[in-house]
Amino acid sequence: FSDEPSAPSGAFCFDSSRLMNLLVEKGVEVEELYFEGMQWIAADTLSRVGDFCPKLKLVNFDRCDQLEDTSLISIATKCRLLAFVNVNNCHLVTAEGLKGLMECSPQLSILCCNSLPHLVLPDGRSVFESLHSCRTLQVLDVSYCQDINDNALYLIAQYCPGLSHLDISGCHKVGDKGIRAIGGRLCSLRVLRLKLCSQSTLTPEGLKYLTQAPRNLKHLDVSGVSQIDDATIGSILLHCQSLLYLSVAGCFNLTDTAIESVTRSCQQLRHLNLSSCKSVSLNSCMDIIYDINELRCLVVSESSISNAEVVILQSLREG
């Protein structure tokens, strides 16, 4: 879709005037708008959305490459009921745009802004200082944002105590202090993703605090956090008795001792991903199938378990 002069020759022509006419006619009734994947829609077109949709509650700009700070702020200023905003992969959106969004959106409950490259304000402050304006935030995805550090996590934990979903996967500046901040203060967390954070500033000792405060965690993904060992996962799972989903794929330091911790602490578990955990044996996999009655999915790809042994595991569950 395109109303940009620089659009590819094969792009389908997006008629902005028809969109504007539709919004003029029906915009007052619109509560949800989806621009996902519309990489060529012009910024000035986007900025006018707020002029016609005062009741807008949900807007999805995922991979909308032309979205700029001024357009985002314009929409947020005029649409004060916004509760769901997705600006994933909108690389022209910076800390200034997110700051304006947060300060104008007191009802914001879901914010998805993964892979944004600039989350530090010109004066050096973190954009997450503006979270004081939207303390009702429940879902936050900042995965693969390279400006996420310990200070950012401290601010998130301070201003969003009711957060239930947090994704900080691929945030390579996060260290032990940041993990202690979220693990020690976010009591309402139900979903926590920390994939591909193998940086040296994040130690096994620090990771033990990951689930200190949450008491009803349902989904935990620490895939690729290679510094996790048996003792670390044992400490993490002590507070995860309600866990339904666990992925430790790529945590190659885990052994059968880790599986004992899973069995001991996670009796409600339904999905367990052990991909690339090459030191976990067939016997341990058999034990967990026997011992956790709720388990429905066990992933052992790229592990020490052969195809023939997978068939054995399948027969145990079917039996």
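Higher on the page you've got the structure.
Residues numbered from 1 in each chain as written. Predicted model: local features only at pLDDT ≥ 70, side-chain atom pairs only at ≥ 80, totals over all residues. Heavy atoms only, no water.

**What about the overall build of the protein chain?**
- A count of helices and strands for the protein chain gives twelve helices and eleven strands.
- Expressed as lengths along the three principal axes of its C-alpha atoms, the size of the protein chain is roughly 65 × 40 × 30 Å.
- Here the protein chain, with 319 residues, has 52% of them falling under the buried criterion.
- Within the protein chain, counting contacts between residues at least 6 apart in sequence, those at least 24 apart form 80% of the total.
- Taken together, the 26 basic and 35 acidic charged side chains of the protein chain have centroids lying 7 Å from each other. (Helix = DSSP H or I, 4+ residues; strand = E, 2+ residues; numbered from the N terminus. Buried < 20%, exposed > 50% of the residue type's maximum accessible area, 1.4 Å probe, protein only. Contact = heavy atoms within 4.5 Å. Lys, Arg positive; Asp, Glu negative; His and termini not counted. Charge placed at Lys NZ, Arg CZ, Asp CG, Glu CD.)

**Brief notes about the sheet that holds strand β8 (residues 219–221)**
- One open sheet holds the eleven strands; their spatial order is β1-β2-β3-β4-β5-β6-β7-β8-β9-β10-β11, and the pairing between them is parallel. At either end of the open sheet lies a strand with only one pairing partner, and these are β1 (32–34) and β11 (297–299). On average, adjacent strands in this sheet sit at an angle of 5° to one another, irrespective of strand direction.
- Bridge count between strand β4 (residues 110–112) and strand β5 (residues 139–141): three bridges; the pairing is parallel. In the strand pairing of β5, Cys 112 is matched with Asp 141. (Pairing = 2+ DSSP bridges. Axes fitted to C-alpha atoms, helices over the stretch in contact; angles between N-to-C directions.)

**A short note on the nonpolar core**
- Membership of the largest hydrophobic core comes to 102 residues, with the highest contact counts inside it found for Phe 35, Leu 56, Phe 61, Val 87, Leu 98, Phe 128 and Ile 148.
- Excluding its chain neighbours within four sequence positions, the residues that come into contact with Leu 98 are Leu 72, Val 87, Val 93, Cys 113, Leu 116, Leu 119 and Val 127. (Core = buried A, V, L, I, M, F, W, Y, C linked by side-chain atoms within 4.5 Å.)

**Things to note about the packing of aromatic side chains**
- All told, the structure shown has one aromatic pair when counted by the stated rule.
- Between Phe 35 and Phe 61, the ring centres sit 5.6 Å apart and the planes meet at 10°, which makes this aromatic pair stacked. Of the two residues, Phe 35 sits in the loop between β1 and α2 (43–47) while Phe 61 sits in the loop between β2 (58–60) and α4 (69–78), which places them 26 residues apart along the sequence. Both residues of the pair, Phe 35 and Phe 61, count as buried.
- Note that Arg 180 overlies the ring of Tyr 209, its terminal NZ or CZ placed 3.8 Å from the centroid. (Phe/Tyr/Trp six-rings, centres within 6.5 Å; stacked < 30°, edge-to-face > 60°. Lys NZ or Arg CZ within 6 Å of the ring centre and 35° of its normal.)

**Here we look at the packing of helix α10 (residues 256–265) against helix α11 (residues 282–291)**
- Orientation of α10 relative to α11, taken along the N-to-C sense of each, is 5°, at an axis distance of 10 Å. The orientation of α10 with respect to α11, classified from their angle, is roughly parallel. Together, Asp 256, Ile 259, Val 262 and Thr 263 of α10 and Ser 284, Ile 288 and Asp 291 of α11 make up the contact between the two elements.
- Partitioning the contact of α10 with α11 into residue classes produces three nonpolar, two polar and two charged. (Parallel < 35°, antiparallel > 145°, perpendicular 65-115°, else oblique. Nonpolar A, V, L, I, M, F, W, Y, C, P; charged D, E, K, R; others polar.)

**Comments concerning the pattern of salt bridges**
- On inspection of all chains with the given rule, the structure shows eight salt bridges.
- Across the salt bridge formed by Glu 36 and Arg 63, the nearest N and O atoms sit 3.5 Å from each other. On the criterion of sequence distance, the pair formed by Glu 36 in the loop between β1 and α2 and Arg 63 in the loop between β2 and α4 is long-range, its members being 27 residues apart.
- Salt-bridge contacts for Glu 129 lead to Arg 125; the nearest nitrogen and oxygen are separated by 3.0 Å.
- Given a relative accessible area of 26%, Glu 129 falls into the partly exposed group.
- Note on Arg 125: relative accessible area 32%, which makes it partly exposed.
- Here the residues in one salt-bridge network are Glu 36, Asp 62 and Arg 63, joined through shared partners. (Salt bridge = Lys/Arg side-chain N within 4 Å of Asp/Glu carboxyl O.)

**A look at the packing of α4 against helix α5 (residues 95–103)**
- Packing of α4 against α5 leaves a shortest axis separation of 8 Å and a crossing angle of 0°. Considered as vectors, α4 and α5 are oriented roughly parallel to each other. Residue-level contacts link Asp 69, Leu 72, Ile 73 and Ala 76 of α4 to Glu 96, Gly 97, Leu 98, Gly 100 and Leu 101 of α5.
- Residues of the contact of α4 with α5, tallied by class, amount to five nonpolar, two polar and two charged.

**A closer look at unusual backbone geometry**
- At Asn 89, a residue that is not glycine, the phi angle is positive and equals roughly 60°.
- Inspection of the secondary structure puts Asn 89 in the loop between β3 (84–86) and α5.
- One non-glycine residue, Ser 115, lies in the positive phi region at around 65°.
- With respect to the helices and strands, Ser 115 occurs in the loop between β4 and β5.

**Observations regarding the side chain of Ser 130**
- Inspection of the secondary structure puts Ser 130 in the loop between β4 and β5.
- Given the relative accessible area of 4%, Ser 130 is considered buried.
- In this structure, Ser 130 is in contact with Lys 99, Met 102 and Glu 103, ignoring residues within four places of it in sequence.

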